Amino acid sequence: MAVRRTRPPQPLAPHGIPGHLVEFVEALRGQGISVGPSETVDAGRVMATLGLSDRTVLREGIACAVLRRPDHRETYDALFDLYFPAALGAKTVLSDDDGAADATDLQGLPPEDIEALRGALVDMLGENQEMADLDDRLAAMIAQIVEAYGRYNSSRGPSYSSYQALKAMNLDDLEGRLLAGLLAPYGEEPTPTQEQIAKALAAQRIAQLRKMVEAETKRRTAEQLGREHVQMYGVPQLAENVEFLRASGEQLRQMRRVVAPLARTLATRLAARRRRSRAGEIDLRKTLRKSMSTGGVPIDVVLKKPHPARPELVVLCDVSGSVAGFSHFTLLLVHALRQQFSRVRVFAFIDTTDEVTELFGPDADLAVAVQRITREAGVYTRDGHSDYGHAFVSFLDKYPGVLSPRSSLLVLGDGRNNYRNPETELLAHMVNASRHAHWLNPEPRHLWGSGDSAVPRYEDVIPMHECRSAKQLASVIDALLPV
């Protein structure tokens, strides 16, 4: 009897440098950056060609191979620093030009010595025109400060805190001393222009110094606790993956930059669907019935009637503080898609509904428009807390003829009604008066119905969709856009 030979199990990834690159690519994918097999192969060729001697060149080369969108660069850089660190350990700090500088181990350094380090930092920052021109002494000094003042013992062992290191450095004091040094050559009365330039330069260098400290802290933490720990807490999320309800002001500003590419993608898909619908889809039932006269062979294909022209879109959005970021982002996306509809009308509310369509004209500054809503529109007439029920009442009282069989209704909000009357009957009337109706909710699904949430009652009336991030919102809108 022949013996079947079993092939030994193969490793999931190659060893050595190729395996390390595969792990780096997997980390990029884990953060939401799409990197396919061809891009991975290209990155391997880049590494083989450029080598590992110059981190700056290698960073840019791999970025050209794997990145498709510029707004992914911040996340890429953070992961690159984890997988291709500038140094190993605390003693030696390697520069991007393969230089080296010895950093003294400052464990147990007396606290007063930080003053000498601050003075040396001010001298270094004041001597150079660009941070890129700073030599290895600055990197070595930052490594010393992080080792001496940023180290602490966590439940998982020794770790490093950028907060502790930055607190010891006292960046506000450093910025003031640096500004004084930059203004010194101009005498006692510098001109306003000279003062503005010096302030901007000092702020820029302190901000870059902060980034260097944070990068060094992440590097040392990754050595102690592993890359996975830093990836979980220290790598910035992609703008399209940030949850609306947890986004900071800066993250919301970054998210606004992804509106244009998202809108272009959605508009292209919708246009393609419309082109197909003009010819009409195959009517399978009528085609099979007609094939009976030809022995069951569908020689003559029967097409459905084409869909009607572009529909009207009516957007009803909650602009209260809890969901303002989500509503504003969605309004920006809807505004970018306005050409896909015959007409777009926008209504905003907190406890009372008011039309704000005129704020979103073709030439309007969108960032200004969303800010003007709460200042100029009559979106609250009571206590200023969300009241969906009264918003529905005021909408139907003031705009009774807005919804029609050609309308697509889009409700934006978390459905938290402060325990007031949800007026589900009025919402049902609005849904029945529209051709399509959907509710987009930025809250996690497991919170629907908790506390003052009236979502379970609204779900019985209108289809509700979870939209926690820009990426999820784009997927939902792509599926819901009527043809």
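Scroll up to find the structure.
The structure contained in this document is the topic of the report that follows.

Next up on the list: the overall build of the chain. Summing up its helical and strand segments, the chain has 19 helices and ten strands in all. Here the chain, with 483 residues, has 46% of them falling under the buried criterion. In the chain, 71% of the contacts between residues at least 6 apart in sequence involve partners at least 24 apart. As presented, the chain carries roughly 25500 Å² of accessible surface, and 52% of it is formed by carbon and sulfur atoms.

Further remarks concern the pattern of salt bridges. A complete count under the given rule lists 29 salt bridges for this structure. For Arg-177, the salt bridge identified is with Asp-173, shortest N-O distance 3.3 Å. Placement of both Arg-177 and Asp-173 in helix α8 (residues 171–183) is noted, with a separation of four residues, approximately one turn of the helix. The exposure class assigned to Arg-177 is partly exposed, which follows from its relative accessible area of 31%. As a salt-bridge pair, Arg-345 and Glu-355 come within 2.8 Å of each other at their nearest N and O atoms. On the criterion of sequence distance, the pair formed by Arg-345 in strand β6 (residues 343–349) and Glu-355 in strand β7 (residues 353–355) is long-range, its members being ten residues apart. Across the pair, exposure class does not vary: Arg-345 and Glu-355 are buried alike. Where salt bridges share partners, they join Arg-55, Arg-59, Glu-60, Arg-73, Asp-77 and Asp-81 into one cluster.

Moving on: the nonpolar core. In terms of nonpolar packing, the biggest core is built from 45 residues, with Phe-329, Leu-333, Phe-360, Ile-373, Leu-440 and Leu-473 touching the most fellow members. Listing elements by their share of this core, those giving two or more residues are α11 (249–256), α12 (259–279), β5 (312–318), α14 (324–336), β6, α15 (366–376), β8 (407–412) and α19 (470–480). Take this core: its biggest share by element is six residues, from α14. Residues in contact with Leu-473, not counting those within four places in the same chain, are Phe-244, Phe-326, Phe-329, Thr-330, Leu-333, Leu-440 and Cys-467. Judged by nonpolar contacts, the second largest core, of 28 residues, contains Leu-117, Val-122, Leu-125 and Leu-209.

Here is what the cut-offs are and how they apply
Residues numbered from 1 in each chain as written. Predicted model: local features only at pLDDT ≥ 70, side-chain atom pairs only at ≥ 80, totals over all residues. Heavy atoms only, no water. Helix = DSSP H or I, 4+ residues; strand = E, 2+ residues; numbered from the N terminus. Buried < 20%, exposed > 50% of the residue type's maximum accessible area, 1.4 Å probe, protein only. Contact = heavy atoms within 4.5 Å. Areas by Shrake-Rupley, 256 points an atom, 1.4 Å probe, with all protein chains shown as cover. Salt bridge = Lys/Arg side-chain N within 4 Å of Asp/Glu carboxyl O. Core = buried A, V, L, I, M, F, W, Y, C linked by side-chain atoms within 4.5 Å.

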